[in-house]
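Breakdown of the fold
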Amino acid sequence: MDTTNKGGRRALVVGLGISGIATALRLRQIGWTPIIIERGAYRRSGGYFIALFGAGRAAAQRLGILDNLTDRGPDGAAYDIDRAGRRRPGLSFKDFPGRPWMMMRGDVEEAGFAALPSDVEIRYSTVPARIEQDADGVNVTLADTAGGTSVTERFDLVVGADGLRSTVRQLVFGPHEDYLRRMNYMVVAYQLPGPLPGHDETDSVILAEPQRSMWIFPFKDRPPTVMLSYHTDDVDAEFTGPMIDRVREVFGPEPTGSVLGAALDALESADQVLFDSVEQVRMDGWHRGRVVLVGDAAWCVTLYAGMGASSGMAGADLLGTMLARHPRNVTQALTEWEQRLRPSIDYLQGNGMQMRSLFVPASRFELARRKVMVRMSKMPVTSPLFLRWRTKGKAARMKDMDFSHPGFAYPQPR
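**Overview of the overall build of the protein chain**
Assigned secondary structure in the protein chain consists of 12 helices and 18 strands. Compactness check: the protein chain gives a C-alpha radius of gyration of 22 Å against a globular reference of 22 Å for 414 residues, within 12% of the reference. Along the three orthogonal principal directions, the C-alpha set of the protein chain runs to about 65 × 45 × 35 Å. Put simply, the protein chain has 414 residues, and 56% of those count as buried.

**Things to note about the side chain of Arg 212**
On the secondary structure map, Arg 212 appears in strand 14 (residues 212-217). Look at Arg 212 and you get buried, because its relative accessible area is 11%. At 2.6 Å, the side chain of Arg 212 forms a polar contact with the side chain of Glu 209. At a separation of 3.0 Å, a polar atom in the side chain of Arg 212 contacts the side chain of Glu 254.

**Focus: a positive patch on the surface**
A cluster of basic side chains, namely Arg 99, Arg 388, Lys 392, Lys 394 and Arg 397, defines a positive patch on the protein surface. Here Arg 397 shows up in helix 12 (residues 394-400). With a relative accessible area of 48%, Arg 397 lands in the partly exposed category.

**Things to note about unusual backbone geometry**
Of note, the amide linkage connecting Gly 252 to Pro 253 takes the cis form, showing an omega dihedral of 0°. Mapped onto the elements, Pro 253 comes out in the loop between helix 5 (243-250) and helix 6 (257-269). The phi dihedral of Ser 125 falls on the positive side, at around 55°, and the residue is not glycine. In this structure, Ser 125 sits in the loop between strand 7 (121-124) and strand 8 (126-134). Here the phi dihedral of Thr 302 falls at roughly 85°; this positive angle occurs in a residue that is not glycine. Among the structural elements, Thr 302 can be located in the loop between helix 7 (296-299) and helix 8 (308-325).

**Focus: the packing of helix 1 (residues 18-29) against helix 8**
In the contact formed by helix 1 and helix 8, the axes pass within 8 Å of each other and the chain directions differ by 25°. The orientation of helix 1 relative to helix 8 falls into the category roughly parallel. The hand of the helix 1/helix 8 crossing is right-handed. Residue-level inspection shows Ile 18, Ser 19, Ala 22, Thr 23, Arg 26 and Leu 27 of helix 1 in contact with helix 8, the latter providing Ala 309, Gly 312, Met 313, Ala 316, Asp 317, Leu 319, Gly 320, Thr 321 and Leu 323.

**With respect to the sheet that holds strand 8**
Read from one edge of the open sheet, three strands run 8-9-10, paired in antiparallel fashion. A single partner strand is all that each edge strand has here, and the edge strands are strand 8 and strand 10 (149-155). Between one strand and the next, the sheet's axes are offset by a mean angle of 20°, whatever the strand orientation. Relative to strand 10, strand 9 (residues 137-144) runs antiparallel, the two sharing seven bridges. When the sheet's bridge partners are listed, Ala 143 is paired in strand 10 with Ser 150.

**Here's the deal with the environment of Thr 70**
Positionally, Thr 70 belongs in the loop between helix 2 (54-63) and strand 4 (78-81). It is 32 Å that separates the C-alpha atoms of Thr 70 and Lys 371, two residues lying 301 residues apart in sequence. If near-sequence neighbours (up to four positions away) are discounted, Thr 70 is found in contact with Trp 101, Met 102 and Met 103.

**Observations concerning the packing of helix 9 (residues 330-359) against helix 10 (residues 364-378)**
Close contact between helix 9 and helix 10 brings their axes to 8 Å; oriented N to C, the two are set at 85°. Here helix 10 runs roughly perpendicular to helix 9, going by the angle between their axes. For the pair helix 9 and helix 10, contact is made by Arg 356, Ser 357 and Leu 358 and by Glu 366, Arg 369, Arg 370 and Met 373, respectively. For the contact of helix 9 with helix 10, a count of residues per class yields two nonpolar, one polar and four charged.

**Some words on the packing of aromatic side chains**
With the rule as written, the count across this model stands at 15 aromatic pairs. The interplanar angle of 20° and the centroid separation of 4.0 Å between the aromatic rings of Phe 49 and Phe 217 together place this pair among those described as stacked. Of this pair, Phe 49 sits in strand 3 (residues 49-52) while Phe 217 is found in strand 14, placing the two residues 168 residues apart along the sequence. The pair formed by Phe 49 and Phe 217 is uniform in burial state, with each residue classed as buried. Grouped by ring-pair contacts, the aromatic residues Tyr 48, Phe 49, Phe 53, Phe 93, Phe 96, Trp 215, Phe 217, Tyr 304 and Phe 359 constitute a single cluster. Just above the ring of Tyr 79 sits the side chain of Arg 87; from NZ or CZ to the centre is 4.1 Å. Here the guanidinium or amino end of Arg 342 rests over the ring plane of Trp 286, the centre of that ring lying 4.2 Å away.

**Here we look at the confidence of the model for the protein chain**
Note that predicted coordinates carrying low pLDDT should not be read in detail. Taken over all residues, the pLDDT of the protein chain has a mean of 92, while the share at 70 or more is 96%. Under a pLDDT of 50 for its full length, residues 1-7 has, in the predicted model, 14 contacts with residues more than four places off or in other chains. Scored below 50 in pLDDT, residues 409-414 shows 14 contacts in the model against residues more than four places distant or in partner chains.

**Quick notes on a nonpolar patch on the surface**
A cluster of nonpolar side chains, contributed by Val 372, Met 376 and Met 379, occupies part of the molecular surface with about 240 Å² of accessible area. Owing to a relative accessible area of 40%, Met 379 belongs among the partly exposed residues under this scheme.

**Points about the pattern of salt bridges**
Overall, the coordinates contain 33 salt bridges when judged by the stated rule. A salt bridge links Arg 222 to Asp 107; its shortest N-O distance comes to 3.9 Å. Placement of the pair is Arg 222 in the loop between strand 14 and strand 15 (225-231) and Asp 107 in helix 3 (residues 105-115), with a sequence separation of 115 residues. You can call Asp 107 buried: its relative accessible area is 16%. Among the ionic pairs, Arg 182 bridges to Asp 236, the shortest N-O distance being 2.8 Å.

Quick notes on the rules
- Residues numbered from 1 in each chain as written.
- Predicted model: local features only at pLDDT ≥ 70, side-chain atom pairs only at ≥ 80, totals over all residues.
- Heavy atoms only, no water.
- Helix = DSSP H or I, 4+ residues; strand = E, 2+ residues; numbered from the N terminus.
- Rg over C-alpha atoms; globule rule 2.2 N^0.38 Å.
- Buried < 20%, exposed > 50% of the residue type's maximum accessible area, 1.4 Å probe, protein only.
- Polar contact = N/O pair within 3.5 Å; in protein donor to acceptor, adjacent residues only side chain to side chain.
- Patch = residues over 30% accessible without salt bridge, like charges linked within 9 Å, V, L, I, M, F, W, Y side chains within 5 Å.
- Areas by Shrake-Rupley, 256 points an atom, 1.4 Å probe, with all protein chains shown as cover.
- Salt bridge = Lys/Arg side-chain N within 4 Å of Asp/Glu carboxyl O.
- Lys, Arg positive; Asp, Glu negative; His and termini not counted.
- Charge placed at Lys NZ, Arg CZ, Asp CG, Glu CD.
- Axes fitted to C-alpha atoms, helices over the stretch in contact; angles between N-to-C directions.
- Parallel < 35°, antiparallel > 145°, perpendicular 65-115°, else oblique.
- Left-handed = near helix turned anticlockwise from the far one by under 90°.
- Contact = heavy atoms within 4.5 Å.
- Pairing = 2+ DSSP bridges.
- Nonpolar A, V, L, I, M, F, W, Y, C, P; charged D, E, K, R; others polar.
- Phe/Tyr/Trp six-rings, centres within 6.5 Å; stacked < 30°, edge-to-face > 60°.
- Lys NZ or Arg CZ within 6 Å of the ring centre and 35° of its normal.
- pLDDT = per-residue confidence, 0-100.

Shown next, in the form of structure tokens:
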């Protein structure tokens, strides 16, 4: 697709994550001039595991970055374990609905960043401080947090791709508490230095207990990553003390055993740790005038759905398609974009709520139900039904559907 800059309309893209980079790429493809601002002083790297489903791969292909992405998921064994060291065949993330490619967040960001034309302007240490709009454009006051200066510029479109606690959303739509829906769970994600005791580096390992769990996500070519998840009655209190102390408290007082113990020890020395509450963003509308939200800023579906990267890229791709379809009417493009996208996002948000019980059972009943599901997936009589659910059920279809062409599943890799 032609990516030549035609000196056209200016769009401010807030956020240099997956959704922001994808938005800038797509806008440039249709002749817009994107300017990206990023709160951080430099582009982040690394990050935790993500899944890229068919919806995300279809968008990545049109954005020109799919050839630089690869499925890092290995063909290793999957085990459910307990603290005493007992293990039995279990389920990995790839056994859940859809056909995901496993990779790191940084893989997608690096591929997208490399595809940006060299003249796309990126301003680091910059945040929006004020946003005012009229029928013809948007005036944005941009604050340089490093230099302590600010400037006001005019844009034809502002895209908030700045995550769960979006500054754009707060400035234009209102306070976070109006839109964030807490699930009363916490998540801790980080990379291990190597395999856990008694396991190969390619093993998928799950320790599930009522209201707490440990998932090990393996990769072909790098050490595994960990996701710890647990229930909390007071999200705010989780951030008041040292994170490691709180995590050890949650997974006590019982002896940890060698595997969980090694994972908790690795947390103490991990270079990068995601420690956050699990929340969804629920909004009646994702755009207001010429300001639009994309990705987690608009519709965070949670890690439990596994569709954050895919939905962010697909939403950005479709946004460009609708703007190109209505070049003289931005608000009409945004309205039709949301109408087209919302049914898929509504379903995925519901799926995120449902998948929570598989990631971290809330009760002994949910834990027992999960064990039954695992056993059924291994039994000759019931395994075909499980396979059909995983590959052809509604969740699988929705995650692998090409958002720009509803009803068409993205072809699987050869």
